[in-house]
Structure formats: C-alpha cells, structure tokens
Amino acid sequence: MAGTVLTPQARRAPAPPSTRTGAALVAVGAAFPDAEVGTDAIAAGVGVETDWIVRRTGVESRRRIAEGGSLCALAEAASRRALADAEVDARDVDLLILATMTPDAITPHGAATIAAGLGAWRAGTMDLNAACTGFLAALSLAVGQVESGRARTALVIGADAMSRVLDYNDRVTAGIFGDGAGAVVVRALPGEASRVGPFVLESDGAAGDAIVTPWPAGPVRMEGQRTFRRAVDALADVGQRASALAGVAVADLDLAVLHQANARITAAVAERLALPTERVVDCIGQIGNTTSASIPTALAYAASDGRLCPGATVLLGAFGAGLAWGGTVVEWGAPSRAPEHVA
C-alpha cells in the first residue's frame, strides 16, 4: 500500500503569531536548611583562626543540609514561596528548569521530582549544570521560551547542597560554600516589550582546571587567587556589556545582584563599576556561596530588605566553574496597569 507523500507545503509548520511577547521576572522565593554552621567550627577543622576565613571570604555562617536530606524538597519550598508571591497556581507552570551541580540522583532528574511535588503537572522539566552560572543560564533558556511564545509561565530554580562535595580539611574551599535554594517566576507579557535584556553568556574551558569537582562526589578543588582575578575581571566586564546591551548606563542601575562568590570579589566588582555599596547586594555573610542558588537567594534577600521592588533596574551577574560567566539586566516585576476607566 502506497504511503501518503507530503509536499513541502504540507510539512510546513504553522507560522507563529506576529504579536510580540515580552517576559518579566515577577516573583522570587528562597529556602535554606535548618542547620546553621558557624565559621568557628569550620576554622577549627582546617587549623586556622575564625577571623582568617571571615576576612578572606566574608562568610560568618552557612546552612547545611541534613545527612540524607532532599535538595528537591528544599527547592520545592523555595518554589512554593515564589509561586505564592506571584499568585500563580503550579498547574499553570509550562516550564520548570532546575540549575544544580549537586542533584539528589542522576535519575529521576530533580526538576521532574520538584514539579510532581508542586503539582505542576503540565510543566516540561529539565536539569542544567553550569555551577555558579547555572541559574543565569537556566534563566536565559526560560526567558527565550517565554518570549518565543512556547511557554507562558516558567519557574527557574537554582539549588545546591555544596556540603555534599566539600573536603572540610581544605582551607581554600571549606569556609566558602553553603547549601540553599532559590526560585524565580517568569511570566509572559503578550503584546508588550520584554523586561529582560539581552544575555551575555561566555566560557573558557581551557581554564576549567581552576575549579574542579571530580565525578561522582568531588571534592571541590579551587585555585583561589587565579579564580579571584578572573572573577573580578569577568563580572566587571559583564556588568558593563550587559548594561550597554540593555540600553542602561551602569550609573543608572538601581541594584546589582552578583553571584555571592566571596565578599571581596563583590566589593572589587562594585568598585570597578563605581556602584555605591547600598546598590550592591552582599548577603554571603550568613549563607555562604550557594553556587547555583546564589543569584535567586540574593534576589530574595534584596526583596526582604526592600531594595528589590517593582520597576527596579537590576544587573544580574555570575562567574564560576567551567570557567563560565554571564549577565543580564532586568526591570523587576510586571508592568503596572492603570485602572480601566468606567464611564
């Protein structure tokens, strides 16, 4: 029996609608393990004074997930807070992306587990690993899907349990990292301009040996000074270029939310960009470097102290293992609409 022959015209997919669709980051949530570990406990293990770690990293304490604890449960808690703040039902989420380098399992992938826990039954799911730049990379994918009209609501999560891959006898890394999760809701703005600027995403795999986590469970090894110099240079450059691509002067940024790698890195980048301290988020002191969770948890921190508010122009920037780095500028929140006139 002869098969049906499809002509080129028959094969062609329907043209997408011509109406543009923008994207906006409308809500954020964060969650941390209950257990808090002070730097004094870390310092004792590596044979240094507490102040030695604090002066070099800015980290005074961090949270640690329980032995056998679930990173997906932590990510689900952060997601629930973000969805509640956005007043979005999980059943309306079309896409859920989890950025992590410390998943609970190889399979099932974490995003699917989180979606099931939330009741996001319609959501397509995927995990992504780009370490400290992972959340930003995941956000770029989600925003692209929303702007293309392929998704109306996306949930982007960054979560890591770095305590799973640390050597607490290594003074270079033991005092820096913490565990946590953060989530952002991205929504479509039909017929409106996007409130997310172009993304700068770059990498240098030839320098990847600066930060290495061997398979399957580490530990993390990092060349501190080499990483410090590259991070400051890359984040300062990304801040300038992402702002220029978004048509925003660096001086006009309301807020800079950088990957919380190290307090000295954050301060050095702020100085390079000539941004005053109050416009640069620094929350590493009580949570440490949470890797993929760093940017969304820093956004949640800024929301809690009132600096992240609707309409704020915010620089997002990250640098980490790969080496990989990136940035973008967003106008936070959905546009406010004037009340309809009633005759």
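Overview of the structure. Predicted model, so just to flag it, every value in this text is computed and none were measured.

Parameters at a glance
Within each chain, residues carry numbers counting from 1 in the order of the written sequence. With the structure being a predicted model, the display of local features is reserved for residues of pLDDT at least 70 and the display and counting of side-chain atom pairs for 80 or more, all residues being used for whole-chain, interface and lining totals. Excluding hydrogens and water, the side-chain figures rest on all heavy atoms present in the structure. Here a strand is any run of E in DSSP of at least two residues, a helix any run of H or I of at least four, and the numbering for each starts at the N terminus. Atoms counted for the radius of gyration: C-alpha only. Globule rule: 2.2 Å times residue count to the power 0.38. Think of it in three bands: residues with accessible area under 20% of the maximum for their type are buried, residues over 50% are exposed, and the middle band is partly exposed, with areas taken using a 1.4 Å probe on protein chains only. We call two residues in contact whenever any of their non-hydrogen atoms come within 4.5 Å of each other. The protein chains shown are the only cover counted for residues, whose accessible areas, like all others here, come from Shrake-Rupley with a 1.4 Å probe. In this tally Asp and Glu are treated as negative and Lys and Arg as positive; neither His nor the chain ends contributes. We put the charge of a Lys on NZ, of an Arg on CZ, of an Asp on CG and of a Glu on CD. The criterion for a disulfide is a pair of cysteine sulfur atoms lying within 2.5 Å. Cavities and pockets were defined on a 1 Å grid built over protein atoms only: a cavity is a set of grid points that admits a 1.4 Å probe from which the probe cannot escape, a pocket is an open set flanked by protein on both sides within 12 Å along at least five of seven lines, and lining residues are those with an atom within 4 Å of any such point. Grid points are joined across faces, edges and corners, and a volume is the space filled by probe spheres set on the points.

Considering the overall build of the chain
Moving on, step 1. The secondary structure content of the chain amounts to 10 helices and 13 strands.
Moving on, step 2. Over its C-alpha atoms the chain spans a radius of gyration of 21 Å, differing by no more than 12% from the 20 Å that the globule rule assigns to 343 residues.
Moving on, step 3. Taking all 343 residues of the chain together, the buried fraction comes to 52%.
Moving on, step 4. A separation threshold of at least 6 residues defines the contact pool for the chain, and within that pool the share at least 24 residues apart is 78%.
Moving on, step 5. Element-wise, carbon and sulfur atoms account for 53% of the exposed surface of the chain, whose accessible area totals about 15400 Å².
Moving on, step 6. The centroid of the 28 positive side-chain charges in the chain is displaced by 5 Å from the centroid of its 35 negative side-chain charges.

Some thoughts on the state of the cysteines
Moving on, step 1. Going through the model one piece at a time under the given rule, you end up with zero disulfides.
Moving on, step 2. In this model Cys132 remains outside any disulfide bridge; the closest cysteine sulfur is found in Cys283, 14 Å from its own.
Moving on, step 3. According to the relative accessible area criterion, Cys283 is buried, its value standing at 5%.

Digging into the layout of surface pockets
Unfilled space is identified by rolling a water-sized probe across the atoms.
Moving on, step 1. The computed volume of the second largest pocket comes to approximately 280 Å³.
Moving on, step 2. In terms of lining residues, the second largest pocket is bounded by 13 residues, among which Val26, Ala27, Asp85, Ala86 and Ala334 are the most central.
Moving on, step 3. For the lining of the second largest pocket, the secondary structure elements donating two or more residues are strand E1 (21-31), helix H4 (71-86) and strand E7 (179-190).

Details of helix H10 (residues 294-304)
Moving on, step 1. Buried residues dominate H10, accounting for eight of its 11 residues.
Moving on, step 2. For H10, the full list of buried residues reads Ser294, Ile295, Pro296, Thr297, Ala298, Leu299, Ala300 and Ala302.
Moving on, step 3. Taken from the residues just after H10, Gly306 is the one with a positive phi, measuring 90 degrees.

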